[in-house]
Amino acid sequence: MNTETKVAPWTLISLRPRGQHAPLRRAAKGTGATVIALSPWALQARRDAATCVDLDAALAAERVVFSSPAAVHAAARLVDLAAPHPGQWLAVGAGTAAALHRQGALDIAAPARMDSEGLLALPALADLRGLRAGLVTAPGGRGVIADTLQQRGAQLLRANVYARRPLPFAPRTLQRLRHAVAPWALAMSSGEALALLLAQLPDDLQAPLRAATVVAASERLAVQARAAGFGQVHVAAGPLPAQLVAAAHAALIPPASS
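For the structure given in this document, a descriptive report is provided here.

Each value, and the rule that gives it
- Residues numbered from 1 in each chain as written.
- Predicted model: local features only at pLDDT ≥ 70, side-chain atom pairs only at ≥ 80, totals over all residues.
- Heavy atoms only, no water.
- Helix = DSSP H or I, 4+ residues; strand = E, 2+ residues; numbered from the N terminus.
- Buried < 20%, exposed > 50% of the residue type's maximum accessible area, 1.4 Å probe, protein only.
- Contact = heavy atoms within 4.5 Å.
- Areas by Shrake-Rupley, 256 points an atom, 1.4 Å probe, with all protein chains shown as cover.
- Salt bridge = Lys/Arg side-chain N within 4 Å of Asp/Glu carboxyl O.
- Core = buried A, V, L, I, M, F, W, Y, C linked by side-chain atoms within 4.5 Å.
- Arc of directions from axis to C-beta.
- Phe/Tyr/Trp six-rings, centres within 6.5 Å; stacked < 30°, edge-to-face > 60°.
- Lys NZ or Arg CZ within 6 Å of the ring centre and 35° of its normal.

### Comments concerning the overall build of the protein chain
Of regular secondary structure, the protein chain possesses eleven helices and twelve strands. In terms of overall dimensions, the protein chain has C-alpha extents of about 65 × 40 × 30 Å along its principal axes. The 258 residues of the protein chain split such that 45% are buried. Within the protein chain, contacts between residues at least 6 apart in sequence are counted, and of these 64% link residues at least 24 apart. As displayed, the protein chain offers around 12400 Å² of accessible surface, 54% of which is attributable to carbon and sulfur atoms.

See below:
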């Protein structure tokens, strides 16, 4: 007798930057999901002289925040992150902290809640009066971090070490989405990525997409998804691929009856 358990099929839409969908695919393996990669942008490291000057100033600050693994990778192309540093270095989440550790950086603080709000709740960022705060990041995104650092009294030293370059969606990818098996889930870890998606998605896909279940990496992103017209929005335990996939699977696929 065949006792193999059938896995219900569903579609997971990934908005990760171009070339960064593999972790979500690995996390979704065995869940029945087909992952469709809709990259609204590509990441491009900056190497110009002005960026180098900004980065040197940011890394000399008493508090230095790295906003993403991409920020770590771009910064590591310009300076040795394993060199001694005078201030406290902080990462938005575990992935960013791991990227810093792989570069040889030590004594990295990271929050258990892996988002901007979790980062800003760390004791090291509670009172910044009279201190300099470096922010290693990209233009746009995570504006709440920069604003809050300044509101708490810090002199902000921003180093935009990479940029997000918008990308058009390939017609064949859109056609694949049109024929994707229902139900759909949209993994959301960036409000900007969602805005870019909605801005260029063809009219015939707008309504089907908004009927999808959104799994947001934070409550702040969930609020943005609801404001964009999504009716089924769930907040994942965090931004890691496994957390997003688990939240999507739980929301879409009911547990098998015993």
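Don't stop here, the text continues.
### Digging into the pattern of salt bridges
Taken as a whole and assessed by the stated rule, the structure comprises six salt bridges. The salt bridge involving Glu192 is made with Arg164; its shortest N-O contact spans 3.6 Å. Remark: Arg164 occurs in strand S9 (residues 162–166) and Glu192 occurs in helix H8 (residues 191–200); sequence separation between them is 28 residues. With relative accessibility at 32%, the residue Glu192 sits in the partly exposed group. Assessed through its relative accessible area of 23%, Arg164 is described here as partly exposed.

### Looking at the nonpolar core
Among the nonpolar cores identified, the biggest contains 44 residues, and Leu12, Leu38, Leu194, Leu197 and Phe230 are the most heavily contacted of them. The next biggest cluster of nonpolar side chains, apart from the first, holds 25 residues, and it includes Leu55, Ala105, Leu157 and Ala159.

### What to know about helix H4 (residues 94–102)
By the burial criterion, the buried members of H4 are Thr96, Ala97, Ala99 and Leu100. Along the axis of H4, the buried residues cluster in a sector spanning 160°; they form a single face. Immediately downstream of H4, the backbone of Gly104 shows phi near 95°, a positive value.

### Looking at the packing of aromatic side chains
Taken as a whole and assessed by the stated rule, the structure comprises one aromatic pair. Sitting above the plane of the Trp41 ring, Arg164 keeps its charged end 5.1 Å from the centroid.

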